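Structural description and commentary
Chain residues, written in single-letter form:
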Amino acid sequence: MSRLLSRFAFIASITLLTMLYNGSAQAKLVDNLYSAEVEVASQSNSHRQQAIREAFERVILKVTGQPESIEHEAVKRALRSVSNYLIQYGYSDNQGQRTLSATFDGTKIRSLLAEHQLPYWGSRRPELLMWIAAENDDGRRIILDSFGQSVFEQQLEFYSRQFSLPIRRPLMDLTDSFTISAMDVWARFMQPIKDTSKRYGTDGIFVGKITHHAESEEPWKLDWSVEVGDRRLYGQVSATSKDWLAEPLMQQLMAKLSSIYSVTASDDSVSQTMAIKVKGLNKLQHVLALESFLKSIVSVQDVTLKHYSQSLSEFDIVINGSLDHVIQSINLDGRLKVRDMGPFVSMSENQVQTYEWRGGN
């Protein structure tokens, strides 16, 4: 951070970051916070307008974390003139299902929420390692790992993307199998869960178990708890089928996390530094092109090349305003693509987003 930064701004920055991430040493930068994907029946004008409005509601839901925000009168007014917020949209087909993807102006959405004192949850979000135990039809208890493709597990991944909630599921390879069992997760024995979780370098731990109560109107239940630093959260959801537990679970989880990490009317004048790593800068021209692009973003105050190599370079970006605005600008430009760091990055590495430069020759 620049030495010219005033003492007041520095203190404000530290206060804001502490309020957002108290108890969590790191957080994952989520992409496409202001984008949503909606199924459409056709590309007709009426279906397009309906899908864009639905996409806007989904974006409002994930940046506030609170379903009731959609019913706020200011949001309803914005919905009636949603084209004022729309940046771009496009169609895609996946196995015969047509979807519309819409991206909205993050700066305008932030202003809307700030003006009406609505909660705002930005791009830095705690990544959770999800330990979920369930019973098979034969009564044997298992841990749902990252290779599972049941309807519930597919829905879990889908709503993770919909709500911008970064999650991982364990591999349950030989290394995991030596240190943890389904009984540990089922009984919520935290020591083996924490010991096994260390290799994944996530921000927090989610522990849940799926049970069946035949006498209940909604017989399938999922009890869960979350630890993020010194924070403890608890909840329970139910459904008529195990397949449909994921949506209420992720919505409940989002609401509880956002109640901790969201802010209202935050000060966009606070300066902060964002570090990024970039692969693929093979020439000096690539470095200059990247620096030129970053400096063209309105809220970027300065860009410093801290380390250069053709394999991996590191930059510090001084931002005067919203971090989310910088991330959205990077996503929309398209020359920097996020790289997946894999499941076993160290905690220090996981704090720095890694991109690949695709800016051409």
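Since the model is a prediction, treat every value here as computed from it, not as a measurement. (Residues numbered from 1 in each chain as written. Predicted model: local features only at pLDDT ≥ 70, side-chain atom pairs only at ≥ 80, totals over all residues. Heavy atoms only, no water.)

**Digging into unusual backbone geometry**
The residue S164 is not glycine, and still its phi comes out positive at about 55°. On the secondary structure map, S164 appears in the loop between α5 (151-162) and β8 (167-168). On the basis of relative accessible area, S164 is assigned to the buried category, the value being 6%. (Helix = DSSP H or I, 4+ residues; strand = E, 2+ residues; numbered from the N terminus. Buried < 20%, exposed > 50% of the residue type's maximum accessible area, 1.4 Å probe, protein only.)

**Digging into the pairing of strand β16 (residues 353-357)**
Within β16, four of the five residues are buried, leaving the element largely enclosed by the surrounding structure. With three bridges connecting them, strand β15 (residues 336-338) and β16 associate as antiparallel partners. In the strand pairing of β16, V338 is matched with Y355. (Pairing = 2+ DSSP bridges.)

**Quick notes on the packing of α5 against helix α9 (residues 246-261)**
As a packed pair, α5 and α9 sit with axes 9 Å apart at the nearest point and diverge in direction by 35°. The crossing of α5 and α9 is right-handed. In contact with F152, Q155, L156, Y159 and S160 of α5, α9 contributes A246, E247, L249 and M250. Of the residues contributing to the contact of α5 with α9, the split by class is six nonpolar, two polar and one charged. (Axes fitted to C-alpha atoms, helices over the stretch in contact; angles between N-to-C directions. Left-handed = near helix turned anticlockwise from the far one by under 90°. Contact = heavy atoms within 4.5 Å. Nonpolar A, V, L, I, M, F, W, Y, C, P; charged D, E, K, R; others polar.)

**Some remarks on the sheet that holds strand β13 (residues 300-307)**
Strand order across the open sheet formed by five strands is β13-β14-β12-β16-β15, with mixed pairing between neighbours. Each having just a single partner strand, β13 and β15 make up the two edges of the open sheet. On average, each strand axis in the sheet is tilted by 35° relative to the strand beside it, whichever way the strands run. The strands that helix α10 (residues 284-296) touches are β12 (271-279), β13, β14 (313-320), β15 and β16; relative to β13, the one it contacts most, it runs at about 155°. Strand contacts of helix α11 (residues 323-333): β12, β13, β14, β15 and β16, with the helix running at about 25° to β12, the strand carrying the most contacts.

**Notes on the environment of L249**
With respect to the helices and strands, L249 occurs in helix α9. By relative accessible area, L249 is classed as buried at 0%. Distance from L249 to A239, taken between C-alpha atoms, is 10.0 Å for residues ten residues apart in sequence. In this view, L249 contacts M130, L156, F206, L222, W224 and V237; residues no more than four positions away in its chain are not counted.

**Things to note about the nonpolar core**
F56, F104 and I109 are the most contacted members of the largest nonpolar core, which totals 59 residues. For F56, the residues in contact, after removing those within four places along its chain, are V75, A78, L79, V82, Y85, F104 and I109. Judged by nonpolar contacts, the second largest core, of 22 residues, contains M274, V303, F315 and V326. (Core = buried A, V, L, I, M, F, W, Y, C linked by side-chain atoms within 4.5 Å.)

**Here we look at the packing of aromatic side chains**
On inspection of all chains with the given rule, the structure shows seven aromatic pairs. On the numbers, 5.3 Å between centres and 75° between planes, the contact of F56 with F104 is edge-to-face. Linking F56 in helix α2 (residues 45-64) with F104 in strand β4 (residues 97-104), this pair joins segments that are 48 residues apart in sequence. Taken together, a centroid distance of 4.9 Å and an interplanar angle of 80° make the contact between F158 and Y159 edge-to-face. Take F158: its relative accessible area is 32%, and that puts it in the partly exposed class. With a relative accessible area of 12%, Y159 lands in the buried category. (Phe/Tyr/Trp six-rings, centres within 6.5 Å; stacked < 30°, edge-to-face > 60°.)

**Remarks on the environment of N320**
Within the secondary structure, N320 is located in strand β14. Sequence separation between N320 and D302 is 18 residues; the distance between their C-alpha atoms is 9.2 Å.

**Focus on α10**
Spanning 13 residues, α10 covers 18 Å between terminal C-alpha atoms, matching the ideal 18 Å at 1.5 Å per step. Taken together, the buried positions of α10 are H286, V287, L290, E291, F293 and L294. An end-on view of α10 places all buried positions within 160° of arc, on one side of the element. What points out from α10, more than 90 degrees from its buried face, is the exposed set L284, Q285 and S296. Where α10 is buried, its residues meet β12, β13, β14, α11, β15 and β16. (Expected span 1.5 Å × (residues − 1). Arc of directions from axis to C-beta.)

Spatial relationships are all this shows, so hold off on functional conclusions.
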